[in-house]
Amino acid sequence: MEFNLKIWRQKNAKAKGHFETYHISGIESDASFLEMLDILNEQLIREGADPVAVEKGCQSSGPVAFDHDCREGICGACSLYIDGRAHGPDDHITTCQLFMRHFKDGATITVEPFRSRAFPVIKDLVVDRTAFDKILQAGGFISVRTGSAQDANNILISHDAAEKSMDAASCIGCGACVASCRNGSAMLFVAARVSSLALLPQGKVEAKRRAENMVAKMDELGFGNCTNTRACELECPKGVSVEHIARLNREFLKAHFSN
Amino acid sequence: MADSKLISKIPDGPLEQKWTRRKSEIHLVSPNNKRKLEIIVVGTGLGGASAAASLGELGYNVKVFCISDSPRRAHSIAAQGGINAAKNYQNDNDSVYRLFYDTIKGGDYRAREANVYRLAEVSNAIIDQCVAQGIPFAREYGGYLANRSFGGVQVSRTFYARGQTGQQLLLGAYAALNRQVAAGTVKSYPRHEMLDLVVINGQAKGIITRNLVTGQLERFGAHAVIIATGGYGNAYFLSTNAMNSNGSAAMQCYRKGAFFANPCFAQIHPTCIPVHGEQQCKLTLMSESLRNDGRIWVPKKKEDVEKLRNHTIKPSQIPEEDRDYYLERRYPAFGNLVPRDVASRAAKERCDAGFGVNETGKAVFLDFSEAIKRLGHQRVAERYGNLFEMYEKITASDPWKEPMMIYPAIHYTMGGIWVDYDLQTTVPGLYAIGEANFSDHGGNRLGASALMQGLADGYFIVPVTIGDYLSKKFSEPKTDVGAAEFDEAEKAVQARIDRLFAIKGKTPVDVMHKKLGNIMWEYVGMARTAEGLKKAIEEIKALREEFYKDVCVPGTQFEFNQELEKALRLEDFFDIGELMAKDALNRNESCGGHFRLESQTEEGEAKRDDENYMYVSAWEYKGEGKEPELHKEPLKYEFIKVATRNYKD
């Protein structure tokens, strides 16, 4: 298969970015999107190293930088905005789970970084998502000291509560929800953590503090407000439901009124 | 004879009292002194994150480093199936002793008794800790914790959170870490890569890192350093490891005096999605838990194999009597739940005999049709739903209708930095935990034990044992990063980087890495011979030369530069690959994941040689281009009877 790739290039956080177009051919339909980018990078590195091409005025910007790691949809590192959708044109996937058989042969594909005020670009398609770490540091935990826990079966949790909590806990922290939201809101991300813990008896003790502190931190870091467009849910690779946003709102209001 | 440089510090006394005894001997550090002590933790997987969090909680000053944009991305996140513990919640006669015994046996009698017993002993506290952290483990309808079975054992002791257990455990450890970051006891440095260990007066005192965003080299000092950087399976290029997983930190420690143990022990996991083509860079694991209900088979008849390869029949059309459930046939007692090394070799044997079921001839079936009939769609979906989805996304084939195709792939490395009972390396003040050390899995790791070991080391072992070393250090001043040893280390790192940019060759790093991977898989893979291993050593040497002549590292040091990162890691993979081949050559026996063709039974089973190889091989670095020196730590089995592994009856 062959493709024209319109890719966002940006040297660093301060530089101005622009699109560059590349042609690539000989791609197996079973190759993943990231494998296709690997092949493009190999091509760009060879071109950049070729003195003849350079002499002819070939200005290589070098290989395209992009975050990736596990390549099996769980680490949450990959973060591309492809043809106007976070993680590309398929439902409930990360970019590494997108395969070239989903594209038409000869298609032009636009590739951008996740865009949000709270996720500044580091280089090309790589963004800084440390804001997510900061939100979780504000309260996304249960305060239990190592070694102080009771026997695990002393805490009974219904099958359904555990399953629901697990649904929320499957968030991979990729940021697709933020990138897909027209307000750049991180509500689904925050809700996933708050809700996952609020559903369990262990998490109830600190529920109020957690909801208030995490929401306050999210606002402070420049994420937008939620206006219930539900784009986040549609684009979430793990299908985390906006039902958890409702639970976050409930937890937040409960905390607010009890103060 | 015991080697004077390898003092394992295993406490005396009965097996079940060793850990208690050691803990009671360990000197304590008072809270006001803990505040004066600094600890560096490199890596934020289960081991690193849990250690950093627990040490911060104790009151030490901790700095934690990872190469990804967030500690949560560490590759522990990808572990699927579960975590073992000897809770005996199933009333199936499980116990600490049985978990210990299964792990020693599964490791083919090449792990230390005392370490493995301790691992089994603390396993229960891990589950308690994780539940208290809010990890949503699977539950029965009565609200109690659910369990499942894994390979190599006859009880159900594996706790799980769907097929995302590693993710949930890591998010628990990461949450504990976040809590300490908020409390100010831990400072987190994401996108920082360790490039050297700094040793002053023979003691680990700090590290040199490269800030992966700015490219600056930076110095960090401490009273002790903990390495938790995982395994080196990516030496094979194609593996189930994450793309950025690497063995570089371990190699830096090795070059600074830490011995490297059992490098040849690499685990080849039987249930991975087969290689699809030349452009592939990553293999995907399908959880071992699938073997609880999935049955592995190939056709009995060659003509069926042909038809499958031409796509003229579907696997489901092959009648029951024409299927060879070869694991059930060869190992009736354990069936599809034999340990990974055994299952992998059996798959290779069938494929080598011409029964591989895809075009490349390198795949076998993992079939759920019987389980779906027995349990119904919903229960199978609850257990494996996300794995089925993942398989379908990758292969575009629906495992509800047709069996999955699987083949073995490199997954985990049991070898690693040599450590004593306290998890301290041969360099005082340098500790290694989790997959980065060698201590608990011998020649083969059992499923659901990696998570257990990472968290045992990080939550419960190193936070205690490191106190013994630090109790003598609190009066020492903070490490001065202006010391000559830091200057030297930084200069050496700078020289390494400059050398790479100066090559100005034409070949991308990945192309060279693939070549290394091919050598490793061919000669240091599932079946090894003396001749092949010698060839591997020569070919790696030649490839390294080619690398220094022709590799292309574009860009500059002082920017976000992934090619430079990869080139630095590949340099270390050359050394690891060579060391693995040397170790495999030395170990002229088959045990666990290490299979020497020269050493097998008439039935083709691995044949150990306890008389000559019942030891841990620990390699000492002797300088660039020089032969490393082999030290041997004899393994003594005082409490269990060493036997031939038998999974047949």
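Parameters and conventions
- Residues numbered from 1 in each chain as written.
- Chains lettered and ligands numbered in written order.
- Predicted model: local features only at pLDDT ≥ 70, side-chain atom pairs only at ≥ 80, totals over all residues.
- Helix = DSSP H or I, 4+ residues; strand = E, 2+ residues; numbered from the N terminus.
- Rg over C-alpha atoms; globule rule 2.2 N^0.38 Å.
- Buried ≥ 20, exposed ≤ 12 C-beta atoms within 10 Å, placed from the backbone.
- Contact = placed C-beta atoms within 7 Å.
- pLDDT = per-residue confidence, 0-100.
- Pairing = 2+ DSSP bridges.
- Right-handed = clockwise from strand over helix to strand, strands pointing away.
- Core = buried A, V, L, I, M, F, W, Y, C linked by C-beta atoms within 7 Å.
- Nonpolar A, V, L, I, M, F, W, Y, C, P; charged D, E, K, R; others polar.
- Axes fitted to C-alpha atoms, helices over the stretch in contact; angles between N-to-C directions.
- Expected span 1.5 Å × (residues − 1).

J.: Quick one: what's the story with the overall build of chain B, residue by residue and with numbers?
T.: Counting its secondary structure elements, chain B contains 18 helices and 21 strands. For chain B, the C-alpha radius of gyration of 24 Å lies close to 26 Å, the compact-globule estimate for 649 residues. The principal-axis extent of the C-alpha atoms belonging to chain B is close to 75 × 60 × 50 Å. Considering chain B as a whole, with its 649 residues, one finds that 61% of them fall into the buried category. Counting contacts in chain B only where the partners sit at least 6 residues apart, residues at least 24 apart contribute 75% of the total.

J.: Hey, could you go over the overall build of chain A for me, with residue numbers and the actual values?
T.: When helices and strands are tallied, chain A shows 10 helices and 7 strands. Across its three principal directions, the C-alpha atoms of chain A cover 70 × 40 × 35 Å. Counting all 259 residues of chain A, 54% fall into the buried class. In chain A, 70% of the contacts between residues at least 6 apart in sequence involve partners at least 24 apart.

J.: Break down the confidence of the model for chain B for me, with residues and values.
T.: Caution applies to low-pLDDT parts of the model: their predicted coordinates are not meant to be read in detail. Overall, the prediction assigns chain B a mean pLDDT of 96, with 100% of residues at 70 or greater. Prediction confidence for the complex, expressed as pTM and ipTM, is 0.97 and 0.97 respectively.

J.: Requested: an account of the environment of Tyr 637 of chain B, with residues and values cited.
T.: All names here are of chain B. Position of Tyr 637 among the secondary structure elements: in the segment after β21 (629-634). Tyr 637 sits in the partly exposed class, given 13 other C-beta atoms within 10 Å. Considering only alpha carbons, one finds Tyr 637 and Glu 620, 17 residues apart in sequence, at a separation of 25 Å. Beyond its immediate chain neighbours, meaning those up to four positions away, Tyr 637 contacts Tyr 109, Glu 113 and Val 642.

J.: An account of the pairing of strand β2 (residues 61-65) of chain B is requested, with residue identities and associated values reported.
T.: Residues and elements named next belong to chain B. Most of β2 is tucked away: 5 of the 5 residues are buried. Neither face of β2 is exposed, since Asn 61, Lys 63 and Phe 65 on one face and Val 62 and Val 64 on the opposite face are all buried. Alignment of strand β1 (residues 38-42) against β2, held across 5 bridges, turns out to be parallel. Bridge pairing links Val 42 to Phe 65 in β2. Note on the crossover from β1 through helix α3 (residues 46-58) to β2: the handedness is right-handed. Here 4 bridges tie β2 to strand β5 (residues 186-189), and the two strands are oriented parallel to one another. Residue pairing in the sheet places Val 64 in a bridge with Ser 188 of β5.

J.: Describe the nonpolar core, naming the residues involved and giving the relevant values.
T.: One broad trend across soluble globular proteins is that nonpolar side chains are buried collectively. Ranked by internal contacts, the top residues of the largest apolar core, which has 296 residues, are Leu 188 and Val 190 of chain A together with Ile 226, Ile 227 and Ile 417 of chain B. Beyond its immediate chain neighbours, meaning those up to four positions away, Leu 188 of chain A contacts Cys 177, Cys 232, Glu 233, Cys 236, Val 240, Val 242 and Ile 245 of chain A.

J.: Quick rundown of the interface of chain B and chain A? Include the residues and the values.
T.: Much of the literature gives interface size as the accessible area that the parts lose upon coming together. Each partner contributes to the interface: chain B provides 68 residues, whereas chain A provides 68 residues. The biggest single contributor to the side of chain B that touches chain A is helix α6 (residues 165-183) of chain B, with 9 residues. Of the residues assigned to the side of chain B that touches chain A, the class counts are 32 nonpolar, 21 polar and 15 charged.

J.: Requested: an account of the sheet that holds strand β20 (residues 615-620) of chain B, with residues and values cited.
T.: All names here are of chain B. Reading across from one edge, β16-β10-β20-β21 is the order of the 4 strands in this open sheet, with antiparallel pairing throughout. At either end of the open sheet lies a strand with only one pairing partner, and these are β16 (416-417) and β21. Pairing between strand β10 (residues 260-261) and β20: 2 bridges, direction antiparallel. Each bridged residue has a counterpart across the sheet, and for Phe 260 the counterpart in β20 is Trp 619. Across the sheet, helix α17 (residues 562-586) touches β10, β20 and β21, and the angle it forms with β20 is around 140 degrees.

J.: Describe the sheet that holds strand β8 (residues 217-221) of chain B, naming the residues involved and giving the relevant values.
T.: All names here are of chain B. Taken in spatial order, the 3 strands make up an open sheet running β6-β7-β8, and their pairing is antiparallel. Lying at the two open borders of the sheet, with one neighbouring strand each, are β6 (192-200) and β8. Pairwise comparison of adjacent strand axes, ignoring direction, gives a mean angle of 25 degrees for this sheet. Where strand β7 (residues 203-211) lies against β8, 5 bridges are found, and the strand directions are antiparallel.

J.: Give me the environment of Val 198 of chain B: which residues, what numbers.
T.: All names here are of chain B. Looking at where Val 198 falls in the secondary structure, it is placed in strand β6. Take Val 198: there are 27 C-beta atoms within 10 Å of it, and that puts it in the buried class. Once residues within four sequence positions are removed from consideration, Val 198 is found in contact with Lys 205, Gly 206, Ile 207, Ile 208, Glu 485, Phe 486 and Ala 489.

J.: Can you break down helix α15 (residues 509-523) of chain B residue by residue, with the values?
T.: Given a rise of 1.5 Å per residue, 15 residues ought to cover 21 Å, and the 22 Å separating the end C-alpha atoms of α15 of chain B matches this to within 8%. In this fold, the buried residues of α15 of chain B make contact with α1 (33-49) of chain A together with β18 (507-508), α16 (530-550), β19 (551-552) and α17 of chain B.

J.: For helix α6 (residues 187-198) of chain A, give the residues involved together with the corresponding values.
T.: Every α-helix winds through 3.6 residues per turn, so residues three or four apart in the chain are directed the same way. Compared with the 16 Å implied by 1.5 Å per residue over 12 residues, the 15 Å span of α6 of chain A between its first and last C-alpha is a close match. Counting buried positions over the 12 residues of α6 of chain A gives 12, a clear majority of the element.

J.: Outline unusual backbone geometry, supporting the account with residue identities and numerical values.
T.: A positive phi angle, near 50 degrees, is found at His 92 of chain A, a position not held by glycine. Tracing the backbone shows His 92 of chain A in the loop between β4 (85-86) and β5 (108-113). A count of 15 C-beta atoms within 10 Å places His 92 of chain A in the partly exposed class. Despite not being glycine, Lys 504 of chain B shows a phi value in the positive range, around 50 degrees.

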